[in-house]
Amino acid sequence: MGENIFVDFTAWLRGLISGLGVPDLFNDIILMIVKLAAIIVFIALNATWLVYMERKICAYIQSRVGPRHHGPVGLLQPVFDVVKLMTKEIVLPKNVDLVVFLLAPVLIVVPPIVAYSVLPFGKDMVAIDMNIGLFFLVAVTSLSTIMFWMAGWASNNKYSLVGGMRVVAQMVSYELPLVLAMLGVVMITGTLNLSEVVNAQKNVWFIFAQPIAFLIYFIAGVAETNRPPFDLVEGESEIIAGPYTEYAGMGFAMFYGLAEFANMMVISAMCTVMFLGGWLAPFGLTFIPSWVWFFLKMYLVIFIFMWVRWTFPRIRVDQLMGFGWKVLVPLSLANIFITGTGMYIYRAIGW
Amino acid sequence: MADYRLPEELMEALKSKFPGMEVSERQDVTLPLDDLVPFMTEIKENPDYAMDFLTNLTCVDYPDYFEMVYNLVSFSHGYTLMVKTRIEDKENPEIPSLIPLWSGADWQEREVYDLLGIVFTGCPGHPTRIFLEENFKGHPLRKDFQWEGGREP
Amino acid sequence: MKTQTYYLNLGPQHPSTHGVFRIILELDGEVVVKATPVPGYLHRGIEKLAEARTYTQVIPYTDRMDYLAAMLMNWGYVEAVEKLMGIEVPERAEYIRVIVGELSRIASHMIATGAYGADIGALTAFTYTFRDREYVIDLLEMVSGSRMTFSYFRIGGVAADFPEEFYPAVKKLLDQIPAMCDEYDGLITGNEIFQARTKFVGIIPPEVAVDYSLSGPVLRGSGVNYDLRKVRPYSVYDRFDFEVPLGKNGDCWDRFRIRIEEMRQSKRIIEQALEQMPEGPVLGKVPKVIKPPVGDAYAEIESSKGVYGCYVVSDGSPKPYRVHFRRPSFINLGYLGKLLEGWKIADVIAILGSIDIVLGEVDC
């Protein structure tokens, strides 16, 4: 029940279009566009919901109530927020590098959108089942560094510049433990295809097989999404809002709302795929559709992200680098070593 | 109330060293301007007094003179002392700076310079204005300061 | 490769300068080479304004200095005028002053604690301390009718006695204060990242602290035992049993921790004061028109930020000839420029926050 609605819909659409006598190539292109549109709508809806969720969770952690006036329990608050931000003037400060300045908030949402094309949301629910999916995803998500740097550089503001510098330093250094942590999983599964990674977790989720890798991945993931305690990029008590300082209205919303939450979703979805068994149902509860399971797990991870955010103070930049290079990287290397040794022993005893 | 004043014998010793000083009933010391730095050095460096903490530094604009007021505390002995000195020159008031003795005098002297226009000598580049902007005319806490637009008293 | 330092203008509009304070930072990458603090954006000339008001009319102006501990600001001023006029304050009024003063201190330290958490990045700490501060402010409102600028003190006593409902309310609050402090400790103090950010950051050696006339938690954080309530007890502080928390290293961590400890000690003082409180009038014998004799007086109290002094000169008229306030925040900032050198931008915020300034008081 409901398990295959999206898959069936795609098949139906494909049949409908080819029934009209459209060649296969165009058929694929049309379907791709539909899938892309679906992904964009998905991101936009989720980001709006996440804004609300973040505000509510933050409020409860801070012993407040949070938004409650617009719509039932304040559910329409993000809609009002979006309308407000959209109607705001886009302020262009003097002496900014106009092209780069305006391009950065547009491009910032591209990497997460592209990344979603290889994410399996459920059984057979993946836009492109790429055999190097993991590799592709890591490569694409690391691109957002450039957009932050563009915004920081083009703003012609020293706070933005410092923020941009921090972004580059932070995201590049935490990319490494992030990838190395996932390498442990890849070694066990022997594949880079995300669907196959999920399928390999039928017996045991990798969070139990690779607990250290999971921890490293989670910490590095928080750093990759620039959320506290690694929100040095914004660091609103130090450098105002880092690269976003000069942005107003929708430009700010693209960075702060859309890109941040889209990135967070990618990281959480990856976490689900790599460590939490993806769409696989735990305890044999298969009557719940696989994509529901995927969302439940993803939102669990997102909730932990938010929980961490509203509890921890911010780390300092040198401590951040020290922690990344002196703790996480050696630890992930050790994890790879242990995994390799373990696999060798298992193979030797013929498991 | 406990007494935090200097004992009589210490006061006498100071009096013999600085004949120009006057001591009021409440033991406020008033000094001639020239004696200020030697006196301050003495009560800071001499372990009998050890006035190591400059609490307060301010200035009052009297009709005929400016009066600098220093409040000192000795942590080791618990003494407190109020030292006053008069600047007779109302046109170009100048007084040696006490920054060499207490660095805490820095900002307070800048405040006094800013609001009352007392020039502290002895430290190059000091004092500069601290609250008001650099090109502000006049020193507001002086009694003759007039500012157009202010409320009639 | 040739590198170059650059200037970063921190403030006057910046989320973490606790008001309109400005620091011009010369930075080498993220490291501060030189820091020049620039106060004065909130300078209202209270000292000048006071010269055109009667002695009683000055009291509301003192509220506007350290508006987070306005009771204590009242106190310093009325104490100086009382010293000048030789007014005896009734005992009950002294006890009331101690109680509201310590409540004000608790409220001020709560803000310092929460705002420091927010400076370090833990915004949640801010809401918790502000939630608890509301209870304290409710009490002070009950007493004075105002929530922030109380103007509750009068020359010779206080404006009114405590209302009946104050006593159960304050007891209830006092019972909660240890739990509140434990909550802050759990949320902020115990956090590993918080400790990493504050320990051994912005160290002020004791001799430097004394040299720069620092006072309050900043001085005691460096291990110098100088709390006016203990060393030169004013009012009735000599009748209470309390401890003065001291720091060891003089770093941000010590300065922060001392404030939480002081809240606990304030609770002890209030409890004892409530127990010992005698009956009687709350306003001494004060002439209708306050006309102090010609002369001057300097009085000091221990405010939540440090030694708060007030120097009053009278020329025999109903208006003060000159009023000078020794504001602890202002003087504590004197060392900031030197202290910041060699630390990173993030530490600048941590150090500034640990000094706990209120700009109304700095600029006066």
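Residues numbered from 1 in each chain as written. Chains lettered and ligands numbered in written order. Predicted model: local features only at pLDDT ≥ 70, side-chain atom pairs only at ≥ 80, totals over all residues.

(A) Quick peek at the overall build of chain B. Broken down by element type, chain B carries 3 helices and 7 strands. Beginning at the N terminus, the succession of helices and strands in chain B can be written as α-β-β-α-β-β-β-β-α-β. Across the 153 residues in chain B, those meeting the buried criterion constitute 35%. Of all intrachain contacts in chain B linking residues separated by at least 6 positions in sequence, the fraction that spans at least 24 positions is 46%. (Helix = DSSP H or I, 4+ residues; strand = E, 2+ residues; numbered from the N terminus. Buried ≥ 20, exposed ≤ 12 C-beta atoms within 10 Å, placed from the backbone. Contact = placed C-beta atoms within 7 Å.)

(B) Broad picture of the overall build of chain C. A tally of regular secondary structure across chain C gives 15 helices and 8 strands. Rg of the C-alpha trace for chain C: 20 Å, near the compact-globule value of 21 Å for 364 residues, within the 12% margin. Every one of the 364 residues in chain C was classed for burial, and the buried ones make up 59%. Across chain C, contacts joining residues at least 24 apart in sequence account for 71% of those joining residues at least 6 apart. (Rg over C-alpha atoms; globule rule 2.2 N^0.38 Å.)

(C) Looking closely at the interface of chain C and chain B. In this complex, chain C contributes 28 residues to the contact, which on the side of chain B involves 25 residues. When residues of the side of chain C that touches chain B are traced back to their parent elements, those giving at least two are α1 (46–51), α8 (206–211), β6 (295–302), β7 (307–314), β8 (320–326) and α12 (328–332) of chain C. By residue number, the principal contributor to the side of chain C that touches chain B is β7 of chain C, which donates 4 residues. Of the residues that constitute the side of chain C that touches chain B, the class distribution is 13 nonpolar, 7 polar and 8 charged. (Nonpolar A, V, L, I, M, F, W, Y, C, P; charged D, E, K, R; others polar.)

(D) Main features of helix α6 (residues 133–141) of chain A. Residue and element names in this part refer to chain A. Among the residues of α6, those classed as buried are Gly-133, Leu-134, Leu-137 and Thr-141. In a view along the axis of α6, the buried residues occupy a sector of 95 degrees, so they form one face of it. Contacts from the buried residues of α6 go to α5 (110–116), α7 (144–154), α8 (158–189), α9 (194–199) and α13 (249–275). (Arc of directions from axis to C-beta.)

(E) Quick look at the interface of chain A and chain C. Residue-level contacts link 23 residues of chain A with 25 residues of chain C. At the level of elements, α8, α12 (236–239) and α15 (317–348) of chain A are the ones that each hand at least two residues to the side of chain A that touches chain C. Element by element, the count of residues in the side of chain A that touches chain C is highest for α12 of chain A, at 4 residues. Residue composition of the side of chain A that touches chain C, by class: 11 nonpolar, 5 polar and 7 charged.

(F) Region of interest: the sheet that holds strand β2 (residues 22–28) of chain C. All names here are of chain C. Overall, antiparallel pairing links the 3 strands, which are arranged β1-β2-β3 in an open sheet. Whereas interior strands pair on both sides, the edge strands pair on one side only; in this sheet they are β1 (6–10) and β3 (31–38). This sheet shows a mean twist of 20 degrees between the axes of neighbouring strands, independent of strand direction. Pairing geometry for β2 and β3, over 7 bridges, is antiparallel. (Pairing = 2+ DSSP bridges. Axes fitted to C-alpha atoms, helices over the stretch in contact; angles between N-to-C directions.)

(G) Looking closely at the pairing of strand β4 (residues 66–73) of chain B. All names here are of chain B. Burial runs high along β4: 7 of the 8 residues are buried. With 8 bridges joining them, strand β3 (residues 53–61) and β4 adopt antiparallel strand pairing. Within β4, the position partnered with Leu-57 by the bridge is Tyr-70. Bridge count for β4 against strand β5 (residues 80–87) is 8 bridges, and the pairing is antiparallel. Across the sheet, Glu-67 pairs through a bridge with Arg-86, a residue of β5.

(H) Representation of the confidence of the model for chain C in the model. Across chain C, the average pLDDT comes to 88, with 100% of residues at or above 70. Listed scores for the predicted complex are pTM 0.87 and ipTM 0.88. (pLDDT = per-residue confidence, 0-100.)

(I) Region of the structure containing unusual backbone geometry. A positive phi angle, close to 65 degrees, is found at Asn-95 of chain A, a residue other than glycine. Here Asn-95 of chain A lies in the loop between α3 (77–87) and α4 (98–107).

(J) Broad picture of the nonpolar core. Residues Tyr-217 and Met-274 of chain A together with Ala-80 and Val-348 of chain C are the most contacted members of the largest nonpolar core, which totals 246 residues. The dominant element in this core, judged by the number of residues it contributes, is α13 of chain A, at 17 residues. (Core = buried A, V, L, I, M, F, W, Y, C linked by C-beta atoms within 7 Å.)

(K) Looking closely at the sheet that holds β6 of chain C. Residue and element names in this part refer to chain C. Read from one edge of the open sheet, 3 strands run β6-β7-β8, paired in antiparallel fashion. Edge strands, defined here as strands with exactly one partner in the open sheet, are β6 and β8. Averaged over all pairs of adjacent strands, the angle between their axes in this sheet comes to 10 degrees, without regard to strand direction. Relative to β8, β7 runs antiparallel, the two being bridged by 6 bridges. Within β8, the position partnered with Gly-309 by the bridge is Arg-326. Against the sheet, helix α3 (residues 70–85) touches β6 and β7, its axis set at about 145 degrees to β6.

(L) Local environment of the packing of helix α2 (residues 24–61) of chain A against α13 of chain A. All names here are of chain A. For the pair α2 and α13, interaxial distance at closest approach is 9 Å and the crossing angle is 100 degrees. Looking at the two axes, α2 sits roughly perpendicular to α13. In contact with Ile-43, Asn-46, Ala-47, Leu-50 and Val-51 of α2, α13 contributes Gly-257, Leu-258, Phe-261, Ala-262 and Met-265. The class makeup of the residues in the contact of α2 with α13 is 8 nonpolar, 2 polar and no charged. (Parallel < 35°, antiparallel > 145°, perpendicular 65-115°, else oblique.)

(M) Main features of the environment of Ala-107 of chain C. Residues and elements named next belong to chain C. Along the polypeptide, Ala-107 turns up in helix α4 (residues 91–120). C-alpha separation for the pair Ala-107 and Leu-140, spaced 33 residues apart in sequence, amounts to 10.0 Å. For Ala-107, the residues in contact, after removing those within four places along its chain, are Leu-68, Ala-69, Arg-133, Val-136 and Ile-137.

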